[in-house]
Amino acid sequence: MSQNIVYTGKTHTTGGRDGASRSSDGELDIALSPPGSNRTGTNPEQLFAAGWSACFLGAIGKAASEHKLRLPADAAIDAEVDLALDDGGFSLIARLNVSLPGIDRETAETLTARAHEICPYSKATRGNIAVDINIA
């Protein structure tokens, strides 16, 4: 399968969960802190939730265009990414809570199912983490 690279995100991270991360273009420049700490900074789970929800909403938009529909301006996704610990070590669990005001439930389910097929984050996590997609 041939691939045409459309974009490459580049970051430089130091210090792990107690460090900092900066993108090569300088647009992202953040302090990192462990989940639940009171330290300044975000954590990888929040960053993953933000990235996945942005990508997934874009995929819903693509699915809508395939059905000749337009997403409402207030379409949104509230993503939740849990860092879980069990006998096997750490893992992630995710919930994507989709809000598509003005779109009937059946259509919303069709669009989110298609988005889950085409979203690169969904493809990368498929079969690797538990994911619930909920429609508000």
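What you see is a predicted model; the values in this text were computed from it and never measured.

A.B. asks: Teacher, can you tell me more about the sheet that holds strand β1 (residues 11-14) here?
C.D. replies: For sheets, the rule is that strands pair by backbone hydrogen bonds, running either parallel or antiparallel. Strand order in the open sheet formed by 3 strands is β1-β2-β3, and the pairing between neighbours is antiparallel. In this open sheet, the two strands that pair with only one neighbour each are β1 and β3 (29-31). Here the average twist between neighbouring strands, direction ignored, is 10 degrees. Two elements, β1 and strand β2 (residues 20-23), share 4 bridges in a ladder whose sense is antiparallel. Opposite Thr 11, over in β2, you have Ser 23 as the bridge partner.

A.B. asks: Sorry if this is basic, but what is going on with unusual backbone geometry here?
C.D. replies: Most peptide bonds are trans, and most residues other than glycine sit at a negative phi. Unusually for a residue other than glycine, Lys 68 sits at a positive phi of about 60 degrees. You can see Lys 68 is positioned in the loop between α1 (44-66) and β4 (76-86). The exposed category is assigned to Lys 68, whose relative accessible area is 77%.

A.B. asks: I'm lost on the nonpolar core in this one. Help?
C.D. replies: If you look at soluble globular proteins, the nonpolar side chains tend to sit buried side by side. Counting residues in each nonpolar core, the largest one holds 22 residues, and the members touching the most others are Trp 52, Phe 56, Ile 60 and Leu 100. Looking at this core, the elements with two or more residues in it are α1, β4, β5 (89-99) and α2 (105-118). Ranked by residue count, the leading element in this core is α1, at 8 residues. Dropping the residues within four chain positions of it, Phe 56 is found in contact with Ile 77, Leu 96, Val 98, Thr 112, Ala 115, His 116, Cys 119, Ser 122 and Ile 133.

Rules and cut-offs
- Residues numbered from 1 in each chain as written.
- Predicted model: local features only at pLDDT ≥ 70, side-chain atom pairs only at ≥ 80, totals over all residues.
- Heavy atoms only, no water.
- Pairing = 2+ DSSP bridges.
- Helix = DSSP H or I, 4+ residues; strand = E, 2+ residues; numbered from the N terminus.
- Axes fitted to C-alpha atoms, helices over the stretch in contact; angles between N-to-C directions.
- Buried < 20%, exposed > 50% of the residue type's maximum accessible area, 1.4 Å probe, protein only.
- Core = buried A, V, L, I, M, F, W, Y, C linked by side-chain atoms within 4.5 Å.
- Contact = heavy atoms within 4.5 Å.

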